[in-house]
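# Tertiary structure, described
Spelled out from the first residue to the last, the chains are:
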Amino acid sequence: MSDYPQTTENNHKPTSSRFPTAYSILFALIILMAALTWIMPAGQYSKAMNEALGKESPVPGTYLTVDAQPQGLVDVMLAPIAGFYDPSSYVANAIDVSLFVLVIGGFLGVVNATGAVNTGIERAIVNLKGREKWIIPALMALFALGGTTYGMAEETLAFYPLLIPVMIAAGYDAVTGVAIIMLGAGIGVFGSTINPFSTAIASNAAGIPFTQGMVLRLVILGLSWLIAVLFVMRYAARVKEDPSRSVVADRKTLNEAYFLKRHDAARTESLTRQQSIILIVFGATFAVMIWGVSSQGWWMAKMSALFLGSSIVISFIGWLGEKKMTAAFVDGARDLLGVALVIGLARGIVVIMDNGMITHTILHYFEGKISGMSSVAYVNAMFGTEALLSFVVPSTSGLAVLSMPILAPLSDFAGVGRDLAVTAFQTSIGITNLIAPTYAVVVGGLAIGRVPYERWLVFVWPLLVLLIALSCATLSIAPLL
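Residues numbered from 1 in each chain as written. Predicted model: local features only at pLDDT ≥ 70, side-chain atom pairs only at ≥ 80, totals over all residues. Heavy atoms only, no water.

Now for the packing of helix α8 (residues 196–206) against helix α17 (residues 396–414). Where α8 contacts α17, the two axes come as close as 8 Å, and the packing angle between them is 30°. Comparing the axis directions of α8 and α17 gives the class roughly parallel. Crossing handedness for the pair α8 and α17: right-handed. Side by side, α8 and α17 meet where Phe197, Ser198, Ile201, Ala202, Ala205 and Ala206 of the first sit next to Thr396, Ser397, Ala400, Val401, Met404, Pro405 and Ala408 of the second. Of the residues contributing to the contact of α8 with α17, the split by class is ten nonpolar, three polar and no charged. (Axes fitted to C-alpha atoms, helices over the stretch in contact; angles between N-to-C directions. Helix = DSSP H or I, 4+ residues; strand = E, 2+ residues; numbered from the N terminus. Parallel < 35°, antiparallel > 145°, perpendicular 65-115°, else oblique. Left-handed = near helix turned anticlockwise from the far one by under 90°. Contact = heavy atoms within 4.5 Å. Nonpolar A, V, L, I, M, F, W, Y, C, P; charged D, E, K, R; others polar.)

Right, here's the structure in full:
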């Protein structure tokens, strides 16, 4: 989850950036698109039933110009509202997705109030003491699981002060501790399977169930996790053998003094039976969601009801009580309010484009560009486009809602499945989120680990090359199959 600011410095002051927020960027795009409706020709494709999608979609080669529908100031101000629902017909646009995000936030707030996830990871660290090299694959698997299921990101910040001292005490360095957490969760997002803030929202915007393309995403998740684990373990072994090979070797003495004096080696908190049951229910909730979407035709409303019901069950198991449960749920929903607003704001851009009759004009332009382009070339071009866009729109969910209404129909023109468009989107975002200086999790984790940003780039760039190669290879093979 990556759409709201975090307190990340060691003194817990919020990080700041001169880069505009996602809200400002998206509203500026609404204004830009409204301006284009006064300049760009209006047009429309003929539509026909797409059996694979179960609904009508544009037919390639049928584009015709129509009367212009320029969008004015009132339309611009209405666009963020219309992003949630159509003010004239009251038909939902993004309101169901935004509500789902708020319920997911409440669910995670209730789970976090029980302490089950944090305690489980802490116990894993304690139990592996003396076998620290096995912490690397074990914890990277846990963090990847969090990333692929619910977009674990900001939640990881609490684990840096816990893990980094363990790694330094074991003869490794601060970068090793940072990498286990940041790359672990990042690989989960890179190989998202059911992540509501990436895969689910992008699939919804593309008009397909998020279970389409699941097999390929599982392959990407498994291979990328293996590559990242071997990369971090190799680096850690080199540093332990020769500390001068650390990318922060010049900070070794300072980091040891800083982290080891703060290291609490006497953690004795155990995972209770209640917390163990809560973790089982937590995992089972996502499993039921997959079953409901893939075989029962569930969508946002029923998924929201599932997570609401699971929140109530978990609160009973954890003996939270009515007041603590509702407070935790509301606080968790509040944490994701920014995400919910970003989704509506991003959909407002599409509303302006549709009302101004320029969406199909843009599709027509790109249809001409991809004519004669192979499906392999197209899907790799889409991967690169999404990666560039992610630097401009620093919001995973916002970019999904913004880009998929264009790229999904364009994929139809290129003969590429919409599920592959979603996979290209999420892998490109996953790579960007490992290095983006506008991403609070990156700058926050590095600040806590006392790792300069440029040193992180020196460390991580070979892995980025491997992940890009993996993504391009799998995306290229998939259309051929």
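Once that is clear, we can look at unusual backbone geometry. Although it is not a glycine, Trp319 adopts a positive phi angle of roughly 50°. With respect to the helices and strands, the residue Trp319 is situated in the loop between α12 (300–317) and α13 (321–335). Within the chain, Met357 stands out as a residue other than glycine whose phi angle is a positive 60°. Looking at where Met357 falls in the secondary structure, it is placed in the loop between α14 (337–355) and α15 (359–370).

Bringing the confidence of the model for the protein into the picture now. Across the protein, the average pLDDT comes to 85, with 92% of residues at or above 70. Across the protein, helix α9 (residues 214–241) holds the top mean pLDDT of 95, while strand β3 (residues 55–58) sits lowest at 74. A low-confidence stretch, residues 2–16 stays under pLDDT 50, and its non-local contacts, those more than four residues away or across chains, total 40 contacts. (pLDDT = per-residue confidence, 0-100.)

Within the secondary structure, Ile477 is located in helix α20 (residues 453–480). As for Ile477 and Val443, which are separated by 34 residues in sequence, their C-alpha atoms are 35 Å apart.

On to the packing of aromatic side chains. Taken as a whole, this structure holds 17 aromatic pairs when the rule is applied. Ring geometry for Tyr150 against Phe282: centres 5.6 Å apart, planes inclined by 90°, an arrangement best described as edge-to-face. Of this pair, Tyr150 sits in helix α5 (residues 135–150) while Phe282 sits in helix α11 (residues 273–295); the two residues are 132 residues apart in sequence, bridging distant segments of the chain. With respect to burial, Tyr150 and Phe282 carry one shared label: buried. Ring centres of Tyr258 and Phe259 lie 5.0 Å apart, and the angle between their planes is 85°; this geometry places the pair in the edge-to-face category. You can call Tyr258 buried: its relative accessible area is 15%. (Phe/Tyr/Trp six-rings, centres within 6.5 Å; stacked < 30°, edge-to-face > 60°. Buried < 20%, exposed > 50% of the residue type's maximum accessible area, 1.4 Å probe, protein only.)

Formed by 150 residues in total, the largest nonpolar core has its most connected members in Leu26, Ile180, Leu183, Met289, Trp456 and Phe459. The contacts of Leu26, once residues within four sequence positions are left out, are Val342, Leu345, Ala346, Ile349, Val393 and Leu402. (Core = buried A, V, L, I, M, F, W, Y, C linked by side-chain atoms within 4.5 Å.)

Turning our attention to the pattern of salt bridges. Counted under the stated rule, the structure contains four salt bridges. With a shortest N-O distance of 2.9 Å, Asp250 and Arg455 are connected by a salt bridge. Of this pair, Asp250 sits in the loop between α9 and α10 (252–260) while Arg455 sits in helix α20, placing them 205 residues apart in sequence. When its relative accessible area of 56% is taken as the criterion, Asp250 is described as exposed. Residue Arg455 is classed as partly exposed on the basis of its relative accessible area of 22%. Salt-bridge contacts for Asp331 lead to Arg334; the nearest nitrogen and oxygen are separated by 2.4 Å. Of this pair, Asp331 and Arg334 both sit in helix α13, separated by three residues, roughly a single helical turn. (Salt bridge = Lys/Arg side-chain N within 4 Å of Asp/Glu carboxyl O.)

Position of Thr361 among the secondary structure elements: in helix α15. Reaching out from Thr361, the side chain makes a polar contact with the backbone oxygen of Pro41 at a distance of 2.7 Å. A distance of 2.8 Å separates polar atoms of two side chains, one belonging to Thr361 and the other to Tyr63. Apart from the residues within four sequence positions on either side, Thr361 is in contact with Met40, Pro41, Ala42, Gly43 and Tyr63. (Polar contact = N/O pair within 3.5 Å; in protein donor to acceptor, adjacent residues only side chain to side chain.)

A separate point is the packing of helix α1 (residues 22–36) against helix α2 (residues 73–82). At a closest axis distance of 10 Å, the pairing of α1 and α2 adopts a crossing angle of 130°. Taken together, the axis directions place α1 and α2 in an arrangement best described as oblique. Relative to α2, the crossing made by α1 is right-handed. Here Phe27, Ile30, Ile31 and Ala34 of α1 come into contact with α2, specifically with Val76, Met77, Ala79 and Pro80. Its residues assigned to classes, the contact of α1 with α2 comprises eight nonpolar, no polar and no charged.

This part takes up the side chain of Gln71. Note on placement: Gln71 falls in the loop between β4 (64–65) and α2. In contact with Gln71, not counting residues within four places along its chain, are Ala34, Thr37, Trp38, Ile352, Asn355 and Gly356.

The next thing to look at is the environment of Met49. Note on placement: Met49 falls in strand β2 (residues 47–50). For Met49, a relative accessible area of 47% gives the class partly exposed.

Moving on, we come to a nonpolar patch on the surface. Judged by side-chain polarity, Val74, Leu78, Ile81, Tyr85, Tyr90 and Ile95 come together as a nonpolar surface patch covering roughly 590 Å² of accessible area. Looking at the nonpolar patch element by element, the count peaks at three residues for α2. Structurally, Ile95 can be placed in helix α3 (residues 95–114). Here Ile95 falls in the partly exposed class, since its relative accessible area comes to 39%. (Patch = residues over 30% accessible without salt bridge, like charges linked within 9 Å, V, L, I, M, F, W, Y side chains within 5 Å. Areas by Shrake-Rupley, 256 points an atom, 1.4 Å probe, with all protein chains shown as cover.)

Bringing helix α19 (residues 440–449) into the picture now. Of all ten residues in α19, nine are buried; the element is thus mostly enclosed. Packed against the buried residues of α19 are α6 (160–169), α7 (174–190), α10 and α20. Residue Arg450 follows α19 closely and has a positive phi angle near 60°.

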